[in-house]
Each structure stands twice: as structure tokens, then as C-alpha cells.
Amino acid sequence: MAGYKIAILISGRGSNMAALIQACQAKDFPADVALVLSNRADAPGLAVARAANIPTHTIEQGAFESREAFDAAMTEVLAGAGVRLICLAGFMRLLSADFCHRWRDSLINIHPSLLPAFKGLHVHQRMLDAGVRIAGCTVHYVRPEMDEGPILVQAAVAIAADDTPDSLAARILEQEHRIYPLAVRLIAEGRARPAGGIVAIDNYSFPKQWLINPPLD
Ligand code: GAR
């Protein structure tokens, strides 16, 4: 056990959650999954977490009269579990400003675009409609505004002429599963320092490759 406890918040399938659980199972990984929390009892990811012996918790929104009350219930569960980092992984619910402040710099999200481009929903269709050549994904610290916050890690994915939203989503998802564990590692190792809207990473070597799409030859 690494001792640095993280929680993963899901609403659905939980493939990023599964990637994080798998990463945390490696002996040299500096974090452990203490809890998977869902806002939906029918989220398929809950069964995946249980199968990996991770404690799960569901807080259904219907029982709460306000966003703040729901978020306060989440904070109680998360703080009770001794969590130091919260990873949103397909958690499809806006968070209150109170919650974002309470967990500031301890709350991260993954989004299937190269932020700050293409915030929001239906991202893959919108990227194809816009004709962009390079797509990607981003792990970032969460701020109260949707899909805003200092960027931790990104990966780029070239768009193919015959891509559909589903084919593009599948290729981006592969990269999501790589960068989310990397972002958690950087934080748990104390190497990520958010300040002034950006994140400095200690001991970071710049990759000297460029990606051009379409390729030159
Ligand atoms: C992922 O593609 C994630 O980037 C996206 O939802 C999907 C969840 O899949 N999140 C957002 O769009 C947040 N704005 P998963 O449940 O298999 O991890």
C-alpha cells in the first residue's frame, strides 16, 4: 500500500477508473484507490470496482434538495475515507463552487479534447464538424467553471479522414488511459505544482518530436 489515497468519481462505464485501478495495483505506483463514488446506482463501473475489491459508495442526487447539499454529502464521505486526491472519471455532474474550493488542487478531471478547445459535451462530433486535424485529451485541475483549470497532462491524437465520432472517441480513450495514471503519479510524487493558472512539473524532460497531420510524406 502506497499510503497516498485517491478517490475516483464516476457516473457510467468507468474505463478511466479501471485504468487508474490497474495502475495503482502496480507495486511501484505511489497511490492507492481508497474509494469509488458514483452519483448513479446503475453505473456499470461500480461492478468493475467491486470486482477489484475497491470500496464503492453511491450518493443518488434525488435525495438532495440542492447541488450544495449533494456535494456536502460527497465531501463527508471523501474526507471520512482520508482521500487526498479526487479523480473525476466520466462524472457527468457539475460541481458546486463550494466543493471546488474545498478540494482546490486536490481535484482533477479528464476531458476528451485538447483544452481549452472543445469544452462541454459531444466533443468528438464537434471536433469533426470543425475539421480539426489534431484531437486529444487533457487531465487538469478542476475550477468552478466547467472544463476549466490548470493543465497537468495532454496527449494528441491525429484525426483520420474517415473518422466517425465513435472511432475517434476510441482512439482518444486509449490515450486517456495512459495520461490519467501519469497525472496521478505526478501529483502523488509531489512533482506537480499548480500556480498562477498553469502547472509546473519537476524533473520533466521535453519530448522533441512534432506531429504534423496530414503527414509531409
Ligand atoms: C471519457 O471519455 C472522459 O474523458 C469523458 O467521459 C468519458 C468517460 O468514459 N469526460 C468528459 O467528457 C468530462 N467533461 P469512462 O467512464 O469510460 O471513463
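These lines cover the structure that appears in this document, whether it is placed above or below. (Residues numbered from 1 in each chain as written. Predicted model: local features only at pLDDT ≥ 70, side-chain atom pairs only at ≥ 80, totals over all residues. Heavy atoms only, no water.)

## Things to note about the packing of aromatic side chains
So, step 1. Overall, the coordinates contain three aromatic pairs when judged by the stated rule.
So, step 2. Arranged with centres 5.6 Å apart and planes meeting at 90°, the rings of Phe-64 and Phe-70 form a pair that is edge-to-face.
So, step 3. Here Phe-99 and Trp-103 contribute two aromatic rings whose centre-to-centre distance is 6.4 Å and whose plane-to-plane angle is 45°, an arrangement assigned as tilted.
So, step 4. Here Arg-93 stacks its cationic end above the ring of Phe-70, 3.8 Å away from the centre of that ring. (Phe/Tyr/Trp six-rings, centres within 6.5 Å; stacked < 30°, edge-to-face > 60°. Lys NZ or Arg CZ within 6 Å of the ring centre and 35° of its normal.)

## Brief notes about the pairing of strand S2 (residues 32-38)
Consecutive side chains of a regular strand alternate in pointing toward one face of the sheet and then the other.
So, step 1. In terms of residue burial, S2 counts as a mostly covered element, since six of its seven residues are buried.
So, step 2. Bridge count for strand S1 (residues 5-10) against S2 is six bridges, and the pairing is parallel. Of the residues in S2, the one forming a bridge with Ile-6 is Val-33.
So, step 3. What joins S1 to S2 is helix H1 (residues 15-25), and the crossover it makes is right-handed.
So, step 4. Where S2 lies against strand S3 (residues 56-58), three bridges are found, and the strand directions are parallel. Residue pairing for S3: Leu-37 is matched across the bridge by His-57. (Buried < 20%, exposed > 50% of the residue type's maximum accessible area, 1.4 Å probe, protein only. Helix = DSSP H or I, 4+ residues; strand = E, 2+ residues; numbered from the N terminus. Pairing = 2+ DSSP bridges. Right-handed = clockwise from strand over helix to strand, strands pointing away.)

## Observations regarding a nonpolar patch on the surface
So, step 1. Side chains of Tyr-204, Phe-206 and Trp-210 sit close together on the surface and give an oily, nonpolar patch of about 460 Å² of accessible area.
So, step 2. Relative to the helices and strands, Trp-210 resides in the segment after strand S9 (198-201). (Patch = residues over 30% accessible without salt bridge, like charges linked within 9 Å, V, L, I, M, F, W, Y side chains within 5 Å. Areas by Shrake-Rupley, 256 points an atom, 1.4 Å probe, with all protein chains shown as cover. Salt bridge = Lys/Arg side-chain N within 4 Å of Asp/Glu carboxyl O.)

## With respect to the pattern of salt bridges
So, step 1. With the rule as written, the count across this model stands at seven salt bridges.
So, step 2. In this structure, a network of salt bridges that share partners links the residues Arg-185, Glu-189 and Arg-191.

## Focus on the nonpolar core
So, step 1. Counting 44 residues, the largest nonpolar core has Ile-6, Ile-8, Val-36, Ile-108, Leu-152, Tyr-180 and Val-184 as the members making the most contacts within it.
So, step 2. If you tally residues by element for this core, the top one is helix H6 (residues 165-188), at nine residues.
So, step 3. For Ile-8, the contacting residues outside a window of four places in its chain are Met-17, Leu-20, Ile-21, Val-33, Leu-35, Val-36, Leu-37, Cys-87 and Ala-89.
So, step 4. Counting 20 residues, the second largest nonpolar core, distinct from the first, contains Leu-35, Phe-99, Trp-103 and Val-142. (Core = buried A, V, L, I, M, F, W, Y, C linked by side-chain atoms within 4.5 Å. Contact = heavy atoms within 4.5 Å.)

## A short note on H6
So, step 1. In this model, H6 (24 residues) spans 34 Å end to end at C-alpha, consistent with the 34 Å of a helix rising 1.5 Å per residue.
So, step 2. Where H6 terminates, the next one or two residues include Gly-190, which has phi positive at roughly 75°. (Expected span 1.5 Å × (residues − 1).)

## Some words on H1
Residues three or four positions apart in an α-helix share a direction because the helix packs 3.6 residues into each turn.
So, step 1. Judged by how many residues are buried, H1 sits mostly within the fold: eight of 11 residues are covered.
So, step 2. Of the positions making up H1, those classed as buried are Ser-15, Asn-16, Met-17, Ala-19, Leu-20, Ile-21, Ala-23 and Cys-24.
So, step 3. On the buried face of H1, the contacting elements are S1, S2, helix H2 (45-51), strand S4 (85-88), strand S5 (107-111) and H6.

## Observations regarding the packing of helix H5 (residues 123-130) against H6
Helix packing for two helices is described by the angle between their axes and how far apart those axes are.
So, step 1. Interhelical geometry of H5 versus H6 gives an angle of 110° and a closest axis separation of 9 Å. As summarised for this structure, H5 and H6 are arranged roughly perpendicular, according to the angle between their axes. In this structure, H5 crosses over H6, and the sense of that crossing is right-handed. Counting all contacts with H5, which are made through His-124, Gln-125, Met-127 and Leu-128, the residues of H6 involved are Pro-165, Leu-168, Ala-169 and Ile-172.
So, step 2. Within the contact of H5 with H6, the residues separate by chemical class into six nonpolar, two polar and no charged. (Axes fitted to C-alpha atoms, helices over the stretch in contact; angles between N-to-C directions. Parallel < 35°, antiparallel > 145°, perpendicular 65-115°, else oblique. Left-handed = near helix turned anticlockwise from the far one by under 90°. Nonpolar A, V, L, I, M, F, W, Y, C, P; charged D, E, K, R; others polar.)

## Things to note about the site of the ligand
So, step 1. Arg-13, Gly-14, Ser-15, Asn-16, Gly-90, Met-92, Ile-110, His-111, Pro-112, Asp-147, Leu-173 and Glu-176 make up every residue found near the ligand.
So, step 2. Contact distances for the ligand include 2.6 Å between an oxygen atom and a side-chain N or O atom of Ser-15.
So, step 3. Within the side chain of His-111, an N or O atom sits 3.0 Å from a nitrogen atom of the ligand.
So, step 4. Secondary structure elements with two or more residues in the shell around the ligand: H1, S5 and H6.
So, step 5. When the residues that make up the shell around the ligand are grouped by side-chain class, the tally is four nonpolar, five polar and three charged. (Near = heavy atom within 4 Å. Polar contact = N/O pair within 3.5 Å; in protein donor to acceptor, adjacent residues only side chain to side chain.)

Spatial relationships are all this shows, so hold off on functional conclusions.
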